[in-house]
Amino acid sequence: MCGMCIEGVLLGCVSHTGVNLEEFYDTCGEESYAAFIDPHGLTELALGDPQHAEVIFTQYSNSPTLVWYLLHHNQSIALTRPQLKIISDIYHQSLDEELEVITTELKLSLPNLFLLFENLPIASAYDVDGLFQQLLLQPELDLAVAEAEVFLKKLCGNYLALLGQFNVETYTEAENSVTDAAVDSVLTQCPISVFLAKWLLERTQPSNLVHDLIPVIEFPVPFFCSYYMAWRRKATVWLIDNRSEEHFLSLLPNMYIESLYYIKHTMSVSVELQTAIDQRLRKENLGC
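None of the values given here were measured: they were computed from a predicted structure.

Chemist: Describe the packing of aromatic side chains, naming the residues involved and giving the relevant values.
Modeler: In this structure the tally under the stated criterion is 5 aromatic pairs. For the ring pair Y228 and Y256, a centre distance of 6.4 Å and an interplane angle of 80° mean the geometry is edge-to-face. With Y228 in helix α14 (residues 228–242) and Y256 in the loop between α15 (245–251) and α16 (257–266), this pair connects stretches of sequence that are 28 residues apart. On the basis of relative accessible area, Y228 is assigned to the buried category, the value being 1%. Of the residues examined, Y256 reaches a relative accessible area of 14% and is grouped as buried. What links up through ring pairs into an aromatic cluster is the set W68, F195 and Y227. The residue whose ring lies beneath R81 is Y126, and the NZ or CZ to ring-centre distance is 3.5 Å. Over the ring of W238 we find K198; its NZ or CZ atom is 4.7 Å from the centre of that ring.

Chemist: Any chance you could break down helix α12 (residues 191–204) for me, citing the residues and the numbers?
Modeler: Between the first and last C-alpha of α12 there are 20 Å, a value that for 14 residues agrees with the 20 Å anticipated at 1.5 Å per step. Summarising burial for α12: 12 of the 14 residues are buried, a large majority. The complete set of buried residues in α12 reads P191, I192, S193, V194, F195, L196, A197, K198, W199, L200, L201 and E202.

Chemist: Lay out α16 with the relevant residues and their values.
Modeler: For α16, a buried count of 7 out of 10 residues is recorded, marking the element as mostly surrounded by other parts of the structure. Looking only at α16, the buried set comprises I257, E258, S259, L260, Y262, I263 and T266.

Chemist: For the pattern of salt bridges, give the residues involved together with the corresponding values.
Modeler: Scanning the entire structure with this criterion turns up 9 salt bridges. The closest approach of N and O atoms between E202 and K198, which form a salt bridge, is 2.6 Å. In this pair, E202 and K198 both sit in helix α12, 4 residues apart, roughly one turn of the helix. Residue classification places K198 among the buried residues on the basis of a relative accessible area of 3%. The network of salt bridges with common partners includes K198, E202 and K234.

Chemist: Hey, could you go over the side chain of R243 for me, with residue numbers and the actual values?
Modeler: Position of R243 among the secondary structure elements: in the loop between α14 and α15. The buried category is assigned to R243, whose relative accessible area is 17%. A distance of 2.9 Å separates a polar side-chain atom of R243 from the backbone oxygen of P206. The residues contacting R243, other than those within four sequence positions of it, are P206, S207, N208, H211, D212 and W238.

Chemist: Now, about the packing of helix α9 (residues 141–155) against α12: what can you tell me, with residues and values included?
Modeler: Their axes nearest at 9 Å, the elements α9 and α12 cross at an angle of 120°. Between α9 and α12, the interaxial angle falls into the category oblique. Of the two elements, α9 crosses α12, and the hand of that crossing is left-handed. Contacts from L141, A144, V145, A148, E149, F151, L152 and L155 of α9 reach α12 at S193, V194, A197, K198, L200, L201 and T204. By residue class, the composition of the contact of α9 with α12 is 11 nonpolar, 2 polar and 2 charged.

Chemist: Go over the confidence of the model for the protein with me, naming the residues and quoting the values.
Modeler: Taken as a whole, the protein shows an average pLDDT of 86; of its residues, 90% reach a score of 70 or greater. At the level of individual helices and strands, the protein shows its lowest average pLDDT in helix α10 (residues 173–176), which scores 59, and its highest in α12, which scores 97. Low pLDDT, under 50, characterises residues 160–166; the stretch is placed with 15 contacts to residues that sit more than four places away or in other chains.

Chemist: Run through a negative patch on the surface, naming residues and quoting values.
Modeler: Residues D96, E97, E100 and E118 make up a contiguous surface patch of negative charge. Structurally, D96 can be placed in helix α6 (residues 81–106).

Chemist: Requested: an account of the nonpolar core, with residues and values cited.
Modeler: In summary, soluble globular proteins display a tendency toward joint burial of nonpolar side chains. If you look at the biggest cluster of nonpolar residues, it comprises 100 residues, and the most contacted ones within it are F151, L155, F219 and W231. Beyond its immediate stretch of four places on either side in the chain, F219 contacts L155, C156, V183, L187, I214, Y228, W231 and Y256.

What counts, and at which threshold
- Residues numbered from 1 in each chain as written.
- Predicted model: local features only at pLDDT ≥ 70, side-chain atom pairs only at ≥ 80, totals over all residues.
- Heavy atoms only, no water.
- Phe/Tyr/Trp six-rings, centres within 6.5 Å; stacked < 30°, edge-to-face > 60°.
- Helix = DSSP H or I, 4+ residues; strand = E, 2+ residues; numbered from the N terminus.
- Buried < 20%, exposed > 50% of the residue type's maximum accessible area, 1.4 Å probe, protein only.
- Lys NZ or Arg CZ within 6 Å of the ring centre and 35° of its normal.
- Expected span 1.5 Å × (residues − 1).
- Salt bridge = Lys/Arg side-chain N within 4 Å of Asp/Glu carboxyl O.
- Polar contact = N/O pair within 3.5 Å; in protein donor to acceptor, adjacent residues only side chain to side chain.
- Contact = heavy atoms within 4.5 Å.
- Axes fitted to C-alpha atoms, helices over the stretch in contact; angles between N-to-C directions.
- Parallel < 35°, antiparallel > 145°, perpendicular 65-115°, else oblique.
- Left-handed = near helix turned anticlockwise from the far one by under 90°.
- Nonpolar A, V, L, I, M, F, W, Y, C, P; charged D, E, K, R; others polar.
- pLDDT = per-residue confidence, 0-100.
- Patch = residues over 30% accessible without salt bridge, like charges linked within 9 Å, V, L, I, M, F, W, Y side chains within 5 Å.
- Areas by Shrake-Rupley, 256 points an atom, 1.4 Å probe, with all protein chains shown as cover.
- Lys, Arg positive; Asp, Glu negative; His and termini not counted.
- Charge placed at Lys NZ, Arg CZ, Asp CG, Glu CD.
- Core = buried A, V, L, I, M, F, W, Y, C linked by side-chain atoms within 4.5 Å.

As structure tokens, this is what we get:
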């Protein structure tokens with residue numbers, strides 16, 4: 001079973017009120033739940049209502065999705081010092097391993113981005129949007145943002161343009177100098193770096209083409225413990241909030257059906273957008 005099939009199981013446990021982890025447990029069974037909870041269940045919990053995410057801090061304090069919680073929620077709320085201590089511990093425990101995977105798998109040298117990652121001022125999230133405000137003061141920020149774009153474009157197959165309203169063209173594995181296995185390794189083993197790079201580009205370059213690519217590019221069929229599906233869902237929702245509806249609708253025919261199902265069951269959208277989503281859902285099934 002691949003990651004998109006597991007995602008389909010999770011989506012049956014998600015509604016506008018958030019993810020129901022008990023239902024996810026009952027559906028998966030104890031053994032599978034233990035394997036799938038972090039990349040599927042906790043990612044959704046981390047990006048949901050902050051009042052429901054306390055379970056991550058109390059029961060899953062070693063989860064890298066705590067960093068997703070930090071980056072997503074600090075834009076509107078201040079985190080507590082105990083929360084930041086937990087996040088800082090898991091962040092620094094995980095970062096060196098992630099940077100080694102990225103360097104090895106993608107053959108990339110990203111010195112400024114890695115330096116920014118290493119010096120991330122987590123404690124500044126004690127103030128609302130304090131983390132980003134402190135990042136604006138970092139001397140390597142502009143160079144790090146440029147390298148974040150390189151990193152994400154590499155994951156998107158180095159594809160650089162949309163050809164037309166309903167057309168997306170991708171390079172083959174031989175042409176784009178990155179293998180499917182390498183992309184899958186990064187999206188499975190480097191959840192903090194992938195989410196942080198995307199967040200950094202969202203905050204500094206919201207018009208960047210990478211944001212349009214992630215929801216539509218044909219990525220490798222993901223490993224069942226990949227964080228890719230949650231990352232893609234979040235990227236798709238971000239587009240709704242940061243692109244015109246006309247632009248979103250132009251990309252919708254190429255978006256993954258799982259992301260559209262998620263939008264239908266968790267968000268209020270216009271009649272036109274709802275109709276376009278329903279047309280896709282009537283013709284396609286979740287999972288591969």
